[in-house]
Protein chains: 2
Amino acid sequence: MNYSTPIKKKANIINSYGNRGMGLENDISETNKYYRINDIAIIYKKPTPITISKVDYPSRINAVIKEGYFRTPSTTDYNGIYKGKYIDFEAKETTCKTSFPLSNIHTHQINHLESIYKHGGIGFLIVRFTKLNLTYLITIETLLMFLKNSNRKSIPLEYFKENGYIIKNKYTPRVDYIEVIDTLYFDGGK
Amino acid sequence: MNYSTPIKKKANIINSYGNRGMGLENDISETNKYYRINDIAIIYKKPTPITISKVDYPSRINAVIKEGYFRTPSTTDYNGIYKGKYIDFEAKETTCKTSFPLSNIHTHQINHLESIYKHGGIGFLIVRFTKLNLTYLITIETLLMFLKNSNRKSIPLEYFKENGYIIKNKYTPRVDYIEVIDTLYFDGGK
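Analysis parameters
- Throughout, residues of each chain are indexed from 1 in the direction in which the sequence is written.
- The lettering of chains begins at A and the numbering of ligands begins at 1, in the order of writing.
- Where totals are concerned, whole chains, interfaces and linings use all residues; where local detail is concerned, this predicted model gives features only for residues with pLDDT of at least 70, and gives and counts side-chain atom pairs only at 80 or more.
- Excluded from the side-chain calculations are hydrogens and water; all other atoms, namely the structure's heavy atoms, are used.
- Salt bridges are counted wherever a side-chain nitrogen of Lys or Arg sits within 4 Å of a carboxyl oxygen of Asp or Glu.
- Should any heavy atoms of two residues lie within 4.5 Å, those residues are counted as being in contact.
- Here the buried area means the combined drop in accessible surface, using a 1.4 Å probe, for two parts upon being joined, counting both sides.
- Pairing of N or O atoms within 3.5 Å defines a polar contact, subject to two protein rules: one partner must be a possible hydrogen donor and the other a possible acceptor, and residues neighboring in sequence count only if both atoms are side-chain atoms.
- Under the DSSP-based scheme used, a helix requires at least four consecutive residues in state H or I and a strand at least two consecutive residues in state E, with every element numbered from the N terminus.
- Two strands are counted as paired when DSSP detects at least two bridges linking them.
- Residue burial is assigned from relative accessible area. The probe radius is 1.4 Å, only protein chains are included, and a residue is buried under 20% of its type maximum, exposed over 50%, and partly exposed in between.
- Of all possible arcs, the one meant is that of the directions from the helix axis to the C-beta atoms.
- Superposing copies: least-squares fit, C-alpha atoms only, residues required to have pLDDT of at least 70 in both.
- Helix axes are fitted only over the stretch in contact, all axes being lines through C-alpha atoms; the angle between N-to-C directions runs from 0 to 180 degrees.
- When describing relative orientation, an angle under 35 degrees is termed roughly parallel and one over 145 degrees roughly antiparallel, while 65 to 115 degrees is termed roughly perpendicular and anything else oblique.
- In this scheme the handedness of a crossing depends on how the near helix is turned from the far one: anticlockwise by less than a right angle means left-handed, clockwise means right-handed.
- For this classification, Asp, Glu, Lys and Arg are treated as charged, while Ala, Val, Leu, Ile, Met, Phe, Trp, Tyr, Cys and Pro are nonpolar and the rest, including Gly, are polar.

1. Section: the pattern of salt bridges
Turning to step 1, where the next piece is worked out: Here the structure, examined in full by the defined rule, presents 22 salt bridges over all chains.
Turning to step 2, where the next piece is worked out: Among the charged side chains, a network of salt bridges with common partners joins Asp27, Glu30, Arg128 and Arg174 of chain A.

As structure tokens, then:
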């Protein structure tokens, strides 16, 4: 099944609105499709929240939005289920070579991930250092520990190296974060 | 904490776009807020998926959508976590007094709920018969059984009475579906 074309097309459309780090988003989108098609996990990206202020409404089917605004998301971008467990994460890219600026994540997203963790779910961040071609998974537990013990405005790359988990570059799936989740929470997937 | 005003306001705005059954949606929105504030469950409605075809983009913060279209959702409207379990459901209203027309749900939404069930999550429909003021929860397991054994284009009210679970009308929370989930999956919440 060839499903790469429509995804790339979509990425290009959205890309033209402002280079929102679509490389990683596109890779995760294809990875999630791979997981769904192979019945490994059911994980989707949530739609971008939009406040609509004007709509042309000639009929129910033909509604055209004429004015709308991007809203700050209340939660993270991705959630779903893997091996019966609730999965929830946010994915971010940075062009910085030495650290990940915390301004990239909203405080309410961190609070949301903390709630998920407290309710027994698996919460994490995927962070890609684009110029180094390195992608890390860092659990919410680890992130909260960092925030508790530091006043820094960014997480050093070294911290990811020591406390995060590298997600290897692969062809299929491109960002195999489930491999890390298996190691951390499911005894290596055995 | 009074949080009813902004929700009602939002509901009214969206209502003007086409009476999409906002009574139940509004009730579930307040119920989910109640669950979150009281740290019972973390469940959100996903944003409506929109395809954006034109954006005024003077700066990153001031983007204005000038043309967009409503997309068919790939999944259900609501998901989240309760007692470590993944929860996923769709909510629908009908003005019909004798049955729930299946045209109200997309086939891919039923398939999605079936996948969730197979992956160990809790999937269901909430159906409100507005003219009877009756709200039912029906599990995906039960819905699949009905679809397997029937060629009908609607589910009779009788079927809900026999195989569904009534969600009582309450003041707070308005649609306490977690009470039913407790009975079905958590030994009555004990």
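2. Considering the interface of chain B and chain A
In many analyses, interface size is given as the accessible surface area lost on bringing the parts together.
Turning to step 1, where the next piece is worked out: Each partner contributes to the interface: chain B provides 42 residues, whereas chain A provides 42 residues.
Turning to step 2, where the next piece is worked out: Taking both sides of the interface into account, the surface hidden between chain B and chain A amounts to around 3600 Å²; carbon and sulfur atoms contribute 63%.
Turning to step 3, where the next piece is worked out: Linking chain B with chain A are 0 salt bridges.
Turning to step 4, where the next piece is worked out: Where chain B touches chain A, the interface holds 7 residue pairs in polar contact (both at pLDDT 80 or more).
Turning to step 5, where the next piece is worked out: Taken together, the elements giving at least two residues each to the side of chain B that touches chain A come down to strand S1 (42–45), strand S2 (50–56), strand S3 (64–70), strand S4 (78–82) and helix H3 (107–118) of chain B.
Turning to step 6, where the next piece is worked out: With 7 residues, S3 of chain B is the largest single contributor of residues to the side of chain B that touches chain A.
Turning to step 7, where the next piece is worked out: One ladder, built from 2 bridges, connects strand S3 (residues 64–70) of chain A with S3 of chain B; its direction is antiparallel. Bridging across to S3 of chain B, isoleucine 65 of chain A finds its partner in glycine 68 of chain B.

3. Side note on helix H4 (residues 140–149) of chain A
All names here are of chain A.
Turning to step 1, where the next piece is worked out: Regarding H4, the residues found buried are Ile140, Thr142, Leu143 and Phe146. Down the axis, H4 shows its buried residues gathered within 160° of arc, on one side only. Away from the buried face of H4 by more than 90 degrees, exposed residues Lys148 and Asn149 are located.
Turning to step 2, where the next piece is worked out: Looking at the buried side of H4, the elements it contacts are helix H3 (107–118), strand S7 (122–129), strand S8 (134–139), strand S9 (154–156) and helix H5 (157–163).

4. Remarks on the relation of the copies chain B and chain A
Turning to step 1, where the next piece is worked out: Expressed as a screw operation, the relation of chain B to chain A combines 0.0 Å of axial shift with a rotation of 180°, fitting to an RMSD of 0.0 Å. This pairing of chains is accounted for by a two-fold axis.
Turning to step 2, where the next piece is worked out: When you check the interface residues of chain B against chain A, 100% turn up at the interface there too, and the contact is symmetric in its surfaces.

5. Some thoughts on the pairing of S3 of chain B
Turning to step 1, where the next piece is worked out: Bridge count between S2 of chain B and S3 of chain B: 6 bridges; the pairing is antiparallel. Bridge pairing in S3 of chain B links aspartate 56 of chain B to valine 64 of chain B.

6. Digging into the packing of H3 of chain A against H4 of chain A
Residue and element names in this part refer to chain A.
Turning to step 1, where the next piece is worked out: Where H3 meets H4, the closest approach of the two axes is 10 Å, and the angle between their N-to-C directions is 125°. Relative to H4, the element H3 is oriented oblique. Here the hand of the crossing between H3 and H4 comes out left-handed. Counting all contacts with H3, which are made through Ile110, Leu113, Glu114 and Tyr117, the residues of H4 involved are Ile140, Glu141, Leu143, Leu144 and Leu147.
Turning to step 2, where the next piece is worked out: Here the residues of the contact of H3 with H4 sort into 7 nonpolar, no polar and 2 charged.

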